[in-house]
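Read off the chains here:
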Amino acid sequence: MEDKAKLVTPEVEVKEADVIINVGNEGENGAVELEAVRTNKGRAATQDTCCDDDTKWLACMEDQFQKKAKPDGKIHLEDFKDVLGVRQSFFAERFFDLFDKEKSGNIEVYLLLHGLRTLANGAPVEKLKFVFDVYDIDGSGSIEREELKTILTTCMEESSLFLGEDHLNDLTDVMFDAAGKDRTGSMTFDDLRQVVEKHPSVMENLTLSATQWLKTSGPPKKEEKSWRHKLTWTYFRNNLRKIVFILLFAAIQLIITIYTIMAVLEKSSSDPAYTAIRIFASVGGMLLNFNCMFVLVLVLRKCHSLLRSTPLAAILPLDQHITFHKMVGAAIGVSAAIHVGGHIAHAVYVQTVTPEKNMTAVDILFTQKANMGWVAGTAYITGWPILGILIIMTICSLPFVRRGGHFEVFYWTHMLYVPFWILLIIHAEVFWYYLILPLTMFIIEKILGSRLIKKARYGDIFITEVGLLPSGVCHLVISRPDNFRYRPGDYIFLQIPAIAKFEWHPFTISSAPEMKGHIWLHVRTAGHWTKQLYEYFSALDPIQENPDKELKMRQRKSHARASWMPGKRQSQFKIKDKEELKAEKRIAQVMKKVHVKCNIDGPYGTATREIFETEHAVLVGAGIGVTPMASILQSIMYRYKESKRVCPNCKFSFYGVIPESVMKLKKVHFIWINRDQKSFEWFVGLLNKIEKEQIDVAFEEGKDLEKVIDITLYMTAAKAKTDIRGAGLQMALSIIHRRDKKDLITGLSTRTQAGRPNWNEIFSKISEERKGKVKVFFCGAPQLGQVVKKACMKFDFRFRKENF
């Protein structure tokens, strides 16, 4: 290793500030030449102020390449690609070829490192020259049309973009048009520089670090988990309700513990060991009484929804009820361990210290000889099944079960709460005192949510239309009873007897409350039940529910059409049979009419109910987490349009300005993050409608367009313009967007951004708008939610997250 570390010797090493690599020149022996060029003070200053990221990255790369280098100080192509972690080989091979002038498949490590230093510290023009050399595949000094098409195609593959041949030709054409060149000709370096200079943002990106250019993975970064930020005032203020709840819960646990200890000490015996055993068993039991009651209170969903419409919603941490349910569940596990441990110790104590009672530990723990318990001395006998149920429920509630495609296991094992509570009432004499009120409320909720009550209130409910969308998403259109009322962002529990008669699953309503006659659900395939749902509707024929009626209606239409056309023979209009009708319907699988019975329970409120009480709202949806945002966006536009309605003759406003009691919103930023291109198809029609409606309202008022809703889309799989694998494609897409005022990826007027959002940059711009207090509403992956929440804390934004 020491020999490899000295491969860059003083004889061949040239000061970084004094060289650039001219990859276009060859020496006499065909090797890459190093052209020493004295640079001006500005260049030296740029290198002197090289950012820490570049320095660390270069040090990491040097270490990695030295380890991969062969004894002769050279590195091979496969090792080079392995270090850079490049998914597609094209750009790695082009980079390698620029240095491997002998085409031997290996290059000197010190030359490679000098090239990387140049990319990290070079001027924008030098970096642009490097891009040009990468794009100039045949090394002719100009980029031909086919070469540019090859580059753009590779960029699309790297970005997981799927655009047709026509779009590819259009992208190629606009690049040549921007350079002022004939579309069938070629593009020189000066032409490319001319194109880039018309796009200042691209030139600015060329000054970024090499880490952004090459996207190397390097050694895996260990995420530092620090608790120090939780001691800051900002964290305390943003999580005040949560912190107060946890402190109150801890205080109650402490009060119960102290009270129980004092009660035991009043009746204590002279034996301290026996007193300690009694304290453990009694404290565990009393904590179980309270916690097993309180865990039920946290899942009274209808009560929580009602509380959201009261002033208590500003005090109670209703959004975290599932988190607290898990926390109390963990407390039950700890309490149970203490309680069971205390009673086992008591049984051993009786056997060893008081043999005159003539009872073994087995007699006490597994029979009724001890005569403990208020129902026929069954405390110990009932305790073991209670413990078994608790262990099963705990294990089947862990994330690897719930989110590992086994939701049904979690669901059905949680139904064991029925025997759990029955046994607890028999087991503990005072437990029913704790349970009676929340259990009554729970039973009332269950009765109100039962099929019988729902049918009496809403009648029969059917899924009337189904859309099979990309990435395994089902768009369900469900008939909406007139008396079914909900708010934007609410969710319901759905049960479809044709798939599973006893399973209920929660889904956010994606349609606006103002839409009459139906509600929308968007269900992503993520587990066994949702997979069955998608497969069921994929195979379901639209006329399968009532094929005879559908066939007769089509036959009547065919006969009627023929009778109204004299001179035409009846046989000219073919009456299709059942199989032909089925085949036609299977072709139209994207959106089809169905008639499938279902049951719904809800609606239930979430944090998004605060949306119309917010002045400046930021809606962040990740993947299918966009569903509550879709409902909110539609509702906002309904209210906004209603407020702008005027008489076309006298210009009288029917509604006027929306009062703050109805909607305080002044500005909405909608940010939707998807990995791939197809996911945008879920709601692209809705977003297109919102864009057009905002333009229409501005046109009717004769004012400049001032958007109430700003839409920003991110595609994380796409390579950004800071990445050499996406620079050319993103530049071409920008040119087309500027020309057509339309995004080539989604068809919206909003340009789809490549890569991941820079939350600091986004929130900084939002805070500068000064449209009122900012509140961020998030729905998506928990990991991303933590990132967004931390960014909110920096800018003093309120953060709300949807939880089921």
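Residues numbered from 1 in each chain as written. Predicted model: local features only at pLDDT ≥ 70, side-chain atom pairs only at ≥ 80, totals over all residues. Heavy atoms only, no water.

**With respect to the overall build of the protein chain**
The helix and strand tally for the protein chain stands at 32 helices and 18 strands. The burial tally for the protein chain puts 47% of its 804 residues in the buried class. Expressed as a percentage of contacts within the protein chain between residues at least 6 apart in sequence, the contacts between residues at least 24 apart total 70%. For the protein chain, the exposed surface amounts to about 41600 Å²; the carbon and sulfur share of it is 58%. (Helix = DSSP H or I, 4+ residues; strand = E, 2+ residues; numbered from the N terminus. Buried < 20%, exposed > 50% of the residue type's maximum accessible area, 1.4 Å probe, protein only. Contact = heavy atoms within 4.5 Å. Areas by Shrake-Rupley, 256 points an atom, 1.4 Å probe, with all protein chains shown as cover.)

**A word on the sheet that holds strand E10 (residues 505–508)**
With antiparallel pairing, the six strands of this open sheet are ordered in space as E10-E9-E12-E7-E8-E11. Two strands close off the open sheet at either side, each with one partner strand: E10 and strand E11 (518–524). Looking at each pair of strands side by side, their axes are set apart by 40° on average, direction ignored. Of the pairings in the sheet, the one linking strand E7 (residues 461–469) to strand E12 (residues 591–604) comprises six bridges and is antiparallel in character. Bridge pairing in E12 links glutamate 465 to lysine 593. Packed onto the sheet, helix H24 (residues 451–458) meets E7, strand E9 (491–495) and E12 and runs at close to 110° relative to E12. (Pairing = 2+ DSSP bridges. Axes fitted to C-alpha atoms, helices over the stretch in contact; angles between N-to-C directions.)

**So, helix H31 (residues 759–769)**
For H31, every residue scored as buried is listed here: Trp759, Ile762, Phe763 and Ile766. Down the axis of H31, the smallest arc covering the buried residues is 90°, so these residues share one side. Opposite its buried face, H31 presents the exposed residues Lys765 and Glu768, each directed more than 90 degrees away. Of the surrounding elements, those touching the buried residues of H31 are strand E13 (616–622), strand E14 (667–674), strand E15 (709–715), strand E17 (774–779) and helix H32 (782–795). Positive backbone phi, approximately 55°, marks arginine 770, located one or two places after H31. (Arc of directions from axis to C-beta.)

**Observations regarding the packing of helix H22 (residues 417–427) against helix H23 (residues 431–448)**
Interaxial distance between H22 and H23 falls to 11 Å at its minimum, and their mutual angle equals 150°. Relative to H23, H22 is oriented roughly antiparallel. For the element pair H22 and H23, the recorded crossing hand is left-handed. Residues Tyr417, Trp421, Leu424 and Ile425 of H22 lie in contact with H23, whose contacting residues are Phe431, Trp432, Leu435, Leu439, Phe442 and Lys446. Counted by class, the contact of H22 with H23 contains nine nonpolar, no polar and one charged residues. (Parallel < 35°, antiparallel > 145°, perpendicular 65-115°, else oblique. Left-handed = near helix turned anticlockwise from the far one by under 90°. Nonpolar A, V, L, I, M, F, W, Y, C, P; charged D, E, K, R; others polar.)

**Remarks on the packing of aromatic side chains**
Inspection of every chain in the model, using the stated rule, returns 28 aromatic pairs. Ring geometry for tyrosine 458 and phenylalanine 484: centres 5.6 Å apart, planes at 75°, overall edge-to-face. With tyrosine 458 in helix H24 and phenylalanine 484 in the loop between strand E8 (473–479) and E9, the pair connects residues that are 26 residues apart, well separated along the chain. Accessibility expressed as a relative area gives 9% for tyrosine 458, which makes it buried. Look at phenylalanine 484 and you get buried, because its relative accessible area is 0%. Measuring from centroid to centroid gives 5.7 Å for tyrosine 491 and tyrosine 604, while their planes differ by 35°, and the two rings are tilted. Within this pair, whereas tyrosine 491 is found in strand E9, its partner tyrosine 604 is found in strand E12, the two being separated by 113 residues in sequence. Across this residue pair, the class does not change: tyrosine 491 and tyrosine 604 are buried. Here the aromatic cluster, defined as three or more aromatic residues joined through ring pairs, consists of Phe245, Phe249, Phe290, Phe294 and Phe324. In this structure, lysine 597 packs its charged tip against the face of phenylalanine 462, placed 5.8 Å from the ring centre. The side chain of arginine 639 reaches across the aromatic face of phenylalanine 612, ending 3.7 Å from its centre. (Phe/Tyr/Trp six-rings, centres within 6.5 Å; stacked < 30°, edge-to-face > 60°. Lys NZ or Arg CZ within 6 Å of the ring centre and 35° of its normal.)

**Overview of the nonpolar core**
In this structure, Phe65, Leu171, Leu619, Phe670, Trp672 and Ile709 are the most contacted members of the largest nonpolar core, which totals 93 residues. When sequence neighbours within four positions are dropped, the list of residues in contact with leucine 619 reads Ile611, Met629, Ile632, Leu633, Val668, His669, Phe670, Ile671 and Phe777. Counting 34 residues, the second-largest nonpolar core is a separate cluster that includes Leu287, Leu296, Ile332 and Phe442. (Core = buried A, V, L, I, M, F, W, Y, C linked by side-chain atoms within 4.5 Å.)

**Looking at the pairing of E9**
For E9, the buried fraction is high: five of the five residues fall into the buried class. Burial along E9 is two-sided: the face carrying Tyr491, Phe493 and Gln495 and the face carrying Ile492 and Leu494 are both buried. Pairing between E9 and E10: four bridges, direction antiparallel. Within E10, the residue paired with tyrosine 491 across the bridge is threonine 508. When E9 meets E12, the two strands line up antiparallel, connected through four bridges. Its bridge partner lying in E12, glutamine 495 is registered against asparagine 599.

**Observations regarding the sheet that holds strand E16 (residues 752–754)**
Here we have six strands laid out as an open sheet, ordered E16-E15-E14-E13-E17-E18, and parallel in their pairing. Single-partner strands in this sheet number two, and they are E16 and strand E18 (798–801). In this sheet, neighbouring strand axes are inclined to one another by 20° on average, regardless of whether the strands run parallel or antiparallel. Here six bridges tie E13 to E17, and the two strands are oriented parallel to one another. For histidine 616, the partnering residue across the bridge sits in E17 and is valine 774. Here H32 sits on the sheet and contacts E13, E14, E17 and E18; the angle it forms with E17, its principal contact strand, is near 175°.

**Structural notes on a nonpolar patch on the surface**
On the surface, Trp374, Val375, Val430, Trp432, Tyr433, Ile436, Leu437 and Met441 cluster together to form a nonpolar patch covering roughly 750 Å² of accessible area. Considering the arrangement of structural elements, one finds isoleucine 436 in helix H23. (Patch = residues over 30% accessible without salt bridge, like charges linked within 9 Å, V, L, I, M, F, W, Y side chains within 5 Å. Salt bridge = Lys/Arg side-chain N within 4 Å of Asp/Glu carboxyl O.)

**Details of unusual backbone geometry**
Here the residue pair glycine 602 and proline 603 is connected by a cis peptide bond, since its omega of 5° sits within 30 degrees of zero. The backbone phi angle of serine 471 is positive, close to 60°, even though this residue is not glycine. With respect to the helices and strands, serine 471 occurs in the loop between E7 and E8. The exposure class assigned to serine 471 is partly exposed, which follows from its relative accessible area of 41%.

**Thoughts on the packing of H31 against H32**
For the pair H31 and H32, the least separation of the axes is 10 Å and the interaxial angle reads 40°. As far as their axial angle goes, H32 and H31 are oblique. In this structure, the crossing between H31 and H32 has a hand that is right-handed. Across the interface between the two elements, Trp759, Asn760, Phe763, Ser764 and Ser767 from H31 touch Leu784, Val787, Val788, Ala791, Cys792, Lys794 and Phe795 from H32. Grouping the constituent residues of the contact of H31 with H32 by class yields eight nonpolar, three polar and one charged.

**What about the pattern of salt bridges?**
Applying the stated criterion to the full structure yields 22 salt bridges. A network of salt bridges, in which partner residues are shared, links Arg308, Asp319, Glu610, Lys775 and Arg800.

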